[in-house]
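A structural walkthrough
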Amino acid sequence: MNSDEPIKSITLHVNGSARTINVDPSKPLLWVLREDLQLTGAKFGCGLAQCGACTVHLDGEAVRSCVTPVARAAGRKVITIEGLSAEHNNALQEAWIAVQVPQCGYCQTGQIMSAAVLLASNPHPSDAEIDRVMSGNICRCGTYDRIRRAIHRAAESMGGRS
Amino acid sequence: MKSRERPGHFNSTALLAVSGAIALAAIVMLPVLLTNAAQVPGFATNSGAPGQERSIAAFREVATVLQHPRCMNCHVVDDRPRQGDDRHIHLQNVRRGPDGKGLPGLRCSNCHQDSNHESAGGPPGAVDWQMPKADEPLAWEGLSVGELCRAITDPKRNGHRRVADLIPHMKTSLVVWAWTPGPERTKPPLSYEQFMTKVREWIDTGAACEK
């Protein structure tokens, strides 16, 4: 990514709303969300797509926004943790609260966004299937067991609906 | 009554003369024809002719690229891509997935962009980043040079490609990426131009494989 690129007008569809910003197209989507759009739910962890704390949805895929140039998101649908549900009552969010998953909480928005993509493609994942997909999201507090339980709980409450 | 020849027909003497000339020409040209046959793309000979030796030698050089970590890290025998020159298992427990582009929630494109991340340790990138598909794994690990040659010339093991169709694959952004791999990743031992020259030489001389 080249930080010397000229400023461009880019429109994103973020959490259901069209948002137009004048920005260096190589600027990471994470920093556009946090600095330009004041959506601070996605977190900066490693900045290298290694930890998953910055995970948001781009056309339904769980992208690492810290390495995704905002130009890639132009005209596309971006969902952040703030847009996952109107009242923070997505089945995953409710399960996360019920199971008391977070310890420090820093990685949890990324965990939930990855879990949402998992359940959209696999409404009843096994433990192994959860581990296989969620292994891209690191939790330094080691809440992995509770994350797994919360995903099962959300899957159950969704009744197999994605 | 003297027979009358109709226009456009040879008489028997002329026909014999022409046939003889063709036969003589074929005998004279036979070595040339055999040499050219070995140069038809996808036509491999076992004659031990100089063309075949040249073809085998060219592929040995091609193989030094194909067996380099930049290629081998995705041409694996299992469904787990590798990373780095030490070819360790890809972090994040990444898997191939049916289409070679990962599993839902952990797709290649979740991290890999259309170009390299500028920082060491950041994800490399090229357009259409992927592994071979699960039903066409193009697995090269553990193969000798001869086995590798036979694998990539076998349509059942090379993604149903004719030998000549390997050239377009070698020109994709993903293959070319190996020569601009980003920080802290080594490049293949040949330059891209040298590599393509050897690939063409190998194909043009019959795509021969050593035993």
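What counts, and at which threshold
Residues numbered from 1 in each chain as written. Chains lettered and ligands numbered in written order. Predicted model: local features only at pLDDT ≥ 70, side-chain atom pairs only at ≥ 80, totals over all residues. Heavy atoms only, no water. Helix = DSSP H or I, 4+ residues; strand = E, 2+ residues; numbered from the N terminus. Rg over C-alpha atoms; globule rule 2.2 N^0.38 Å. Buried < 20%, exposed > 50% of the residue type's maximum accessible area, 1.4 Å probe, protein only. Contact = heavy atoms within 4.5 Å. Areas by Shrake-Rupley, 256 points an atom, 1.4 Å probe, with all protein chains shown as cover. Polar contact = N/O pair within 3.5 Å; in protein donor to acceptor, adjacent residues only side chain to side chain. Buried area = accessible area lost by both parts, 1.4 Å probe. Salt bridge = Lys/Arg side-chain N within 4 Å of Asp/Glu carboxyl O. Pairing = 2+ DSSP bridges. Expected span 1.5 Å × (residues − 1). Arc of directions from axis to C-beta.

1. Some details on the overall build of chain A
Check the secondary structure of chain A and you find 5 helices and 5 strands. Along chain A, helices and strands appear, N-terminal first, in the series β-β-α-β-β-β-α-α-α-α. Taken over C-alpha atoms, the radius of gyration comes to 16 Å for chain A, in line with the 15 Å a tight globule of 162 residues would show. For chain A, the spread of C-alpha atoms along the principal axes amounts to about 50 × 30 × 25 Å. Going through the 162 residues of chain A one by one, you find that 49% of them count as buried. A separation threshold of at least 6 residues defines the contact pool for chain A, and within that pool the share at least 24 residues apart is 56%. For chain A, the exposed surface amounts to about 7,300 Å²; the carbon and sulfur share of it is 48%.

2. Examining the overall build of chain B
Helix and strand counts for chain B stand at 7 helices and 4 strands. From first element to last, N terminus to C terminus, chain B shows the α and β order α-α-α-β-β-β-β-α-α-α-α. When each of the 211 residues of chain B is scored for burial, the buried share is 40%. The long-range fraction of contacts in chain B, counting pairs at least 24 apart against all pairs at least 6 apart in sequence, stands at 60%. When the accessible surface of chain B is summed, it comes to about 11,900 Å², and 60% of that surface belongs to carbon and sulfur atoms.

3. Details of the side chain of His117(B)
Among the secondary structure elements, His117(B) is positioned in the loop between strand E4 (106–107) and helix H4 (145–153). For His117(B), the side chain forms a polar contact with the main-chain nitrogen of Ser119(B), separated by 3.1 Å.

4. Considerations on the interface of chain B and chain A
Bring the parts together and some accessible area is lost; that lost area is often taken as the interface size. On the side of chain A, 19 residues touch chain B, which itself brings 22 residues to the contact. Interface area for chain B against chain A, summed over the two sides, is near 1,700 Å², with a carbon-plus-sulfur share of 50%. A per-residue breakdown of the area chain B buries against chain A is headed by Gln92(B), Asn110(B) and Gln113(B), which together make up 29% of the total. At the junction of chain B and chain A, the tally comes to 1 salt bridge. Here Arg107(B) makes a salt bridge to Glu61(A), at a shortest N to O gap of 3.8 Å.

5. Section: the pattern of salt bridges
All names here are of chain A. Considering all chains together, one arrives at 20 salt bridges over all chains under this definition. Notably, a salt bridge pairs Asp-145 with Arg-149, separated by 3.5 Å at the nearest N-O pair. Of this pair, Asp-145 and Arg-149 both sit in helix H5 (residues 144–158), 4 residues apart, which is roughly one turn of the helix. Its relative accessible area of 44% is what places Asp-145 among the partly exposed residues. Using a relative accessible area of 44% as the deciding quantity, one classes Arg-149 as partly exposed.

6. Some thoughts on the pairing of strand E2 (residues 17–23) of chain A
All names here are of chain A. Where strand E1 (residues 8–14) lies against E2, 7 bridges are found, and the strand directions are antiparallel. Looking at E2, one finds that Lys-8 is bridged to Val-23. The hairpin formed by E1 and E2 contains 2 residues between the paired strands, and Asn-15 there has a positive phi angle of roughly 50°.

7. What to know about H5(A)
Structural remark: α-helix, 3.6 residues per turn; residues separated by three or four positions point the same way. All names here are of chain A. Between its first and last C-alpha atoms H5 spans 21 Å; for 15 residues at 1.5 Å apiece the expected length is 21 Å, and the two agree. All of the buried residues along H5 are Ile-147, Ala-150, Ile-151, Ala-154, Ala-155 and Met-158. The buried residues of H5 all sit within an arc of 140° when viewed along its axis, so they share a single face. Looking at the packing, one finds that the buried side of H5 touches helix H2 (91–99), helix H3 (108–121) and helix H4 (127–134). In the stretch just after H5, Gly-159 is the one whose phi turns positive, near 60°.

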